[in-house]
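# Observations on the three-dimensional arrangement
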Amino acid sequence: MFDDVVDFVRGIYGKEGVIPLHEPLFIGNEKKYINESIDSTYVSSVGKFVNILESRIAEYTGSKFVIATINGTSALHISLLLSNLSQEDEVITQPLTFIATCNAICYCGANPIFIDVDKETMGLSPDSLNLFLSEHAIVKNNRCLNKITGKVIKACIPMHTFGHSCRISEIKEICDKYKIVLIEDAAESLGSFYKNKHTGTFGQMGVLSFNGNKIITGGGGGCILTDDEILAKKARHLTTTAKVAHKWKYTHDMIGYNYRMPNINAALLVAQFERLENFLINKREIAMAYKGFFKDKSYRFVEEPANSQSNYWLNAIILKDKEERDLFLHETNLKGVTTRPIWTLMNELIMFQDCQSGELPNTEWLEQRVVNIPSSMVIK
Ligand SMILES: Cc1ncc(COP(=O)(O)O)c(C=O)c1O
């Protein structure tokens, strides 16, 4: 079974052996810029490539300020700290996400609340968010109080799953109404837009990741996007160990974090960023090939949602049921085509089992059926 899928994937990638889910592609100035970084001796947290990267990302995304970090998780952590999140506060997110979203919430001592996703976008559902808040929350003194736990719901982190934008404008409207800080986990969605605005630029802060499996990579890396100058300054300070700027004195004025992106990673990223437009075209071509192939099959290829432009970072299909999904995973992996189920739901993990959740019918439906298929760029 599924030999047609295996043959089709092999046809795209034109190779024998194991076809990975996602590989980075280094065909530009990567080695040149890394050598430049080494020759300059600026390989660590100071150097020109970090600044170049920040300004290129600001220009591309339309975000006024960009702060480069060691990874997306640290960017999430700082974004949450700057929402004045304190111990015991609550943060709404989706159960269908990568663990980093919830880890960052817990690093601040806060608790996640899990709300359902949309079937179409696989991202946080504004309808479910609205329903949950209208039933369980009340705004008092400019704060959103959870009527069940008595705690403050301080922030909300929707995620743009696999590079498909969630209905972020509607989510923002609801967060504004309930005085909840919106932070976007756009780790997977560099190059994805909602209503022609880049993902990660709707909330108070947004976060990108440049992990090795993302559309462009610095080996590791991430960044914070924000239009708020004061928050940007604080983020820069916190991510650089809160060192007070001075020519020779070494003084720190608060507990900071060593989260600044090293220049050597930024060198790799600047080269990768030069190829982003080509990568996006390349990925769209692969997605369209899959779409054509899956058109006549009984399972659905996940396409970019309405009003958006996806980066098609990681392609996905939705199988009939869990049984068919498991068979698909078994057969394709056996035949050397790497496929993967979506994440185990956050609310089912041992650390989060006691967290509050809304009804999760779409999340549970998707978790049993969604499978990622090989999505690397194709060398031309
Ligand atoms: C949804 C999501 N959030 C956060 C992260 C964390 O990014 P990083 O691995 O750069 O820390 C990732 C990816 O790795 C991710 O996919």
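Every value quoted in this text rests on a predicted model; they were computed, and no experiment measured them.

What counts, and at which threshold
- Residues numbered from 1 in each chain as written.
- Predicted model: local features only at pLDDT ≥ 70, side-chain atom pairs only at ≥ 80, totals over all residues.
- Heavy atoms only, no water.
- Pairing = 2+ DSSP bridges.
- Helix = DSSP H or I, 4+ residues; strand = E, 2+ residues; numbered from the N terminus.
- Contact = heavy atoms within 4.5 Å.
- Axes fitted to C-alpha atoms, helices over the stretch in contact; angles between N-to-C directions.
- Phe/Tyr/Trp six-rings, centres within 6.5 Å; stacked < 30°, edge-to-face > 60°.
- Buried < 20%, exposed > 50% of the residue type's maximum accessible area, 1.4 Å probe, protein only.

### Focus on the sheet that holds strand 16 (residues 370-372)
With antiparallel pairing, four strands are arranged side by side in an open sheet as 12-14-16-15. Here the strands that pair on one side only, and so sit at the sheet edges, are strand 12 (300-301) and strand 15 (340-341). Two elements, strand 12 and strand 14 (residues 316-318), share two bridges in a ladder whose sense is antiparallel. Its bridge partner being in strand 14, Arg-300 is matched across the sheet by Ile-318. Here helix 11 (residues 322-334) sits on the sheet in contact with strand 14, strand 15 and strand 16, set at roughly 15 degrees to strand 16.

### Some remarks on the sheet that holds strand 9 (residues 197-198)
The three strands are arranged 9-8-13 in an open sheet whose pairing can be described as antiparallel. Here the strands that pair on one side only, and so sit at the sheet edges, are strand 9 and strand 13 (308-309). With two bridges joining them, strand 8 (residues 193-194) and strand 9 adopt antiparallel strand pairing. In the strand pairing of strand 9, Phe-193 is matched with His-198.

### What to know about the packing of aromatic side chains
Applying the stated rule across the entire model yields 18 aromatic pairs. Consider the rings of Phe-8 and Tyr-290, whose centres lie 6.1 Å apart with planes at 50 degrees: the pair is tilted. One end of the pair, Phe-8, is in helix 1 (residues 3-13); the other, Tyr-290, is in helix 10 (residues 276-294), with 282 residues separating them in the sequence. Taking relative accessible area as the criterion, Tyr-290 reaches 1% and is therefore assigned buried. Between Phe-293 and Phe-294 the ring centres are 5.0 Å apart and the planes differ by 75 degrees, which places this aromatic pair in the edge-to-face class. With relative accessibility at 3%, the residue Phe-294 sits in the buried group. Ring-pair connections join several aromatic residues into one group, and the members of that group are Phe-2, Phe-8, Tyr-290, Phe-293, Phe-294, Tyr-299, Phe-301, Tyr-312 and Phe-328.

Note that all results are geometric; they support no functional claim without further evidence.
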